[in-house]
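Remarks on the overall topology
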Amino acid sequence: QVQLVESGGGLVQAGGSLRLSCEASGRTFSTYAMGWFRQAPGKEREFVAGISRSGGSTHYADSWKGRFTISRDNAKNAVYLQMNSLKPEDTAVYYCAARRWGTAQGMGQIRDVDYWGKGTLVTVSS
């Protein structure tokens, strides 16, 4: 089983930036497509971004495209989410997710996720 641990969340002012990290245990990290989801207070968990097993392809929800960037470093068993121009509505718990033999676009389906991290809280003040 793959264990996912997120870090990098915290409090930031509107317009600022944060870089989230997710480190995975295991020896088969490169066989998993990875993604980020978030869940704001009172809302359903939603897809943010996905990345292919090699990192060659990425996919973003339209709402965040242009502000967020997903990347991965298979040598470090890590995936990242660079968040810029943050808005108060970005406040949420951000979750790292993995799907074995998945694709960047396919990460958008919550039901297909194999493993979840416990989440890291991002709070954006106005």
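Read on for an overview of the structure. (Residues numbered from 1 in each chain as written. Predicted model: local features only at pLDDT ≥ 70, side-chain atom pairs only at ≥ 80, totals over all residues. Heavy atoms only, no water.)

With that out of the way, let us pick up the overall build of the protein chain. Regarding its fold elements, the protein chain presents zero helices and eleven strands. Mapped in sequence order, the helices and strands of the protein chain form the string β-β-β-β-β-β-β-β-β-β-β. Principal-axis analysis of the C-alpha atoms places the extent of the protein chain at approximately 40 × 25 × 25 Å. Split into buried and exposed, the 126 residues of the protein chain put 45% on the buried side. Once local pairs closer than 6 in sequence are excluded, the contacts in the protein chain between residues at least 24 apart make up 59%. With an accessible surface of roughly 6,600 Å², the protein chain has 43% of that area assigned to carbon and sulfur atoms. One finds the centroid of the 15 positive side-chain charges in the protein chain at a distance of 5 Å from the centroid of its 10 negative side-chain charges. (Helix = DSSP H or I, 4+ residues; strand = E, 2+ residues; numbered from the N terminus. Buried < 20%, exposed > 50% of the residue type's maximum accessible area, 1.4 Å probe, protein only. Contact = heavy atoms within 4.5 Å. Areas by Shrake-Rupley, 256 points an atom, 1.4 Å probe, with all protein chains shown as cover. Lys, Arg positive; Asp, Glu negative; His and termini not counted. Charge placed at Lys NZ, Arg CZ, Asp CG, Glu CD.)

Time to look at the sheet that holds strand S3 (residues 18–24). Ordered by their spatial adjacency, four strands build an open sheet running S1-S3-S8-S7, and the pairing between neighbours is antiparallel. Strands with a single pairing partner mark the edges of an open sheet, and in this sheet they are strand S1 (4–7) and strand S7 (68–73). Averaged over all pairs of adjacent strands, the angle between their axes in this sheet comes to 15°, without regard to strand direction. Here S7 runs beside strand S8 (residues 78–83); their pairing, made up of six bridges, is antiparallel. The residue bridging Ile-70 from the neighbouring strand is Leu-81, located in S8. (Pairing = 2+ DSSP bridges. Axes fitted to C-alpha atoms, helices over the stretch in contact; angles between N-to-C directions.)

For the coordinates displayed, the defined rule picks out four aromatic pairs. Note on Tyr-95 and Trp-116: the rings are 6.4 Å apart at their centroids and 90° apart in plane angle, and the pair reads as edge-to-face. Of this pair, Tyr-95 sits in strand S9 (residues 92–100) while Trp-116 sits in strand S10 (residues 115–116); the two residues are 21 residues apart in sequence, bridging distant segments of the chain. Its relative accessible area of 13% is what places Tyr-95 among the buried residues. The structure contains a cluster of three or more aromatic residues connected by ring pairs, namely Phe-37, Phe-47, Tyr-95 and Trp-116. Seen from the ring of Trp-116, Arg-45 lies directly overhead, with NZ or CZ sitting 4.7 Å from the centre. (Phe/Tyr/Trp six-rings, centres within 6.5 Å; stacked < 30°, edge-to-face > 60°. Lys NZ or Arg CZ within 6 Å of the ring centre and 35° of its normal.)

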